[in-house]
Amino acid sequence: MAIENEQFEMIMMEVMEKTEKTVSVLNSEYITIRAGRANPHILDKVLVDYYGTPTPINQVGNLSVTEGRCLVIAPWDASMLKVIEKQLLAENLGITPVNDGKVIRLVFPALTEERRKEIVKQIKKMAEDSKVAVRNVRRDGMDALKKMKNNKELSEDEHAVCEKDVDKVIAETIEKIEKLCADKEKDVLSV
C-alpha cells in the first residue's frame, strides 16, 4: 500500500539517499584496501604537487599493473618522477617506490596469513561502522515519522505502513553491506 504523502516521500528519499551514500563510501574504502595484488585505486587519495596544484597521480601519468603484483607509474612529464617518488614515500603506503629514471614501480609484497587476518578485522570493522550509520539513518527516519503521526499528519495505519517501508530499505542496505564485506573478505583471504 503506497502512502500519498509528500512529507513521507521526502523522508523516504532522504533515507534512501543516505543509505546509498553509506554503501558507496564503504565500497570506495574497500577499493583502497591492499589485498596482496597491485591495485591502482590504492593511489586514489595520493596528491602530488603538479606545477603548484595538488593533483591526483592518475592525472599526471599512466598507471598500469604488471605481473599482478607490480604497479607502474609512467608520468607524462619526466620531471615529475622525483616529485611522485617523494610523495609516495611521504604517504607511507607500506610500499617503497623504485625509480628507474623513466617509471616508478611499486612492488606489492605477498601478504602473510597474519596480515590477511588483520585486514579482515579492518574490513569487518568498516562494515560494522557502516551498519551503525545506516541504523542512525533509520532512527532519524522513524523520529520524523513519529513526529508526523503526533502532528496528526499520518494515521496509525499509515504510520505502520511507512515504518515498514523504512525498515525494508534499511534491511536491503544492511544486506548490501554484508555482501560487500563478504566479497572483500574472500578477496583478501584468497592467496
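This section reports on the structure supplied with the text. These numbers were taken from a predicted model, which means no experiment stands behind them.

**Let's talk about the overall build of the protein**
Across its full length, the protein holds four helices and six strands. When the helices and strands of the protein are placed in sequence order, the string is α-β-β-β-β-α-β-β-α-α. Sorting the 191 residues of the protein into buried and exposed places 38% on the buried side. In the form shown here, the protein has an accessible surface area of approximately 11600 Å², with 52% of it arising from carbon and sulfur atoms. Both charge centroids of the protein, one from 30 positive and one from 34 negative side chains, sit 7 Å from each other.

**As for the sheet that holds strand β6 (residues 104-107)**
One open sheet holds the four strands; their spatial order is β3-β4-β6-β5, and the pairing between them is antiparallel. Unpaired on one side and paired on the other, β3 (61-66) and β5 (97-99) mark the two borders of the sheet. Within this sheet the neighbouring strands show an average axis-to-axis angle of 25 degrees, counted without direction. Taken together, the four bridges between strand β4 (residues 70-75) and β6 define a ladder with antiparallel strand orientation. Looking across to β6, one finds that valine 72 is bridged to arginine 105.

**Some details on the environment of glutamate 85**
Relative to the assigned elements, glutamate 85 resides in helix α2 (residues 81-91). Spatially, the C-alpha atoms of glutamate 85 and isoleucine 104 are 7.2 Å apart, while their sequence positions differ by 19 residues.

**So, helix α3 (residues 113-150)**
Between the first and last C-alpha of α3 there are 55 Å, a value that for 38 residues agrees with the 56 Å anticipated at 1.5 Å per step. Count one or two residues on from α3 and you reach lysine 152, which has phi positive near 65 degrees.

**Quick notes on unusual backbone geometry**
A positive phi angle is found at tyrosine 51, which is not glycine, with a value near 50 degrees. Secondary-structure assignment places tyrosine 51 in the loop between β1 (47-50) and β2 (53-56). The class for tyrosine 51 is exposed, based on a relative accessible area of 58%. One non-glycine residue, lysine 152, lies in positive phi territory at about 65 degrees. Its place among the elements puts lysine 152 in the loop between α3 and α4 (156-189).

**Here we look at the pattern of salt bridges**
In total, this model carries twelve salt bridges according to the counting rule given. The salt bridge partner of aspartate 187 is lysine 184, with a shortest N-O separation of 3.7 Å. Within this pair, aspartate 187 and its partner lysine 184 are both found in helix α4, separated by three residues, close to a single helical turn. Since its relative accessible area comes to 24%, aspartate 187 is described here as partly exposed.

**Let's talk about the packing of α3 against α4**
Running from N to C, α3 and α4 point in directions that differ by 170 degrees, and their axes come no closer than 10 Å. Classified by the angle between their axes, α3 and α4 sit roughly antiparallel to one another. Of the residues that constitute the contact of α3 with α4, the class distribution is 15 nonpolar, three polar and 13 charged.

**So, the side chain of glutamate 85**
Here glutamate 85 sits buried without a salt bridge, and the closest side chain of opposite charge, lysine 82, lies 4.3 Å off (N-O distance). One polar contact links glutamate 85 to asparagine 99, side chain to side chain, over a distance of 3.1 Å.

**A word on the packing of helix α1 (residues 6-31) against α4**
As a packed pair, α1 and α4 sit with axes 11 Å apart at the nearest point and diverge in direction by 5 degrees. Put simply, α1 runs roughly parallel to α4. Where α1 abuts α4, its residues Phe8, Met12, Val15, Met16, Thr19, Val23, Leu26, Asn27 and Tyr30 lie against Cys162, Asp165, Val166, Val169, Ile170, Thr173, Lys176, Ile177, Leu180, Cys181 and Lys184.

What counts as what
- Residue positions are given per chain, counting from 1 as you read along its sequence in written order.
- With the structure being a predicted model, the display of local features is reserved for residues of pLDDT at least 70 and the display and counting of side-chain atom pairs for 80 or more, all residues being used for whole-chain, interface and lining totals.
- Side-chain calculation: all heavy atoms of the structure are included, whereas hydrogens and water are not.
- Only runs of H or I of at least four residues qualify as helices and only runs of E of at least two qualify as strands under DSSP, and these elements are numbered from the N terminus.
- Each residue's exposure class comes from its accessible area (1.4 Å probe, protein chains only) as a fraction of the maximum for that residue type: buried when under 20%, exposed when over 50%, partly exposed otherwise.
- Per-residue accessibility takes into account occlusion by the displayed protein chains alone, with areas from the Shrake-Rupley method and a 1.4 Å probe.
- When charges are counted, neither His nor the chain ends are considered; positive counts come from Lys and Arg and negative counts from Asp and Glu.
- Throughout, a charge is located at the NZ atom of Lys, the CZ atom of Arg, the CG atom of Asp or the CD atom of Glu.
- A pair of strands is considered paired only if DSSP assigns at least 2 bridges between the two.
- In this description, a line fitted to the C-alpha atoms serves as the axis of each element, helices being fitted only across the stretch in contact, and the angle between N-to-C directions of two axes falls anywhere from 0 to 180 degrees.
- How far a helix is expected to stretch is found by multiplying one less than its residue total by 1.5 Å.
- What counts as a salt bridge is simple: a side-chain nitrogen of Lys or Arg found within 4 Å of a carboxyl oxygen of Asp or Glu.
- When describing relative orientation, an angle under 35 degrees is termed roughly parallel and one over 145 degrees roughly antiparallel, while 65 to 115 degrees is termed roughly perpendicular and anything else oblique.
- Each residue is assigned to one of three groups, with Ala, Val, Leu, Ile, Met, Phe, Trp, Tyr, Cys and Pro labelled nonpolar, Asp, Glu, Lys and Arg labelled charged, and all others, Gly among them, labelled polar.
- The definition of a polar contact used here is a pair of N or O atoms within 3.5 Å, where within protein one atom must be able to donate a hydrogen and the other to accept one, and adjacent residues in sequence count solely through side-chain atom pairs.
- Any two residues having at least one pair of non-hydrogen atoms within 4.5 Å are treated as being in contact.

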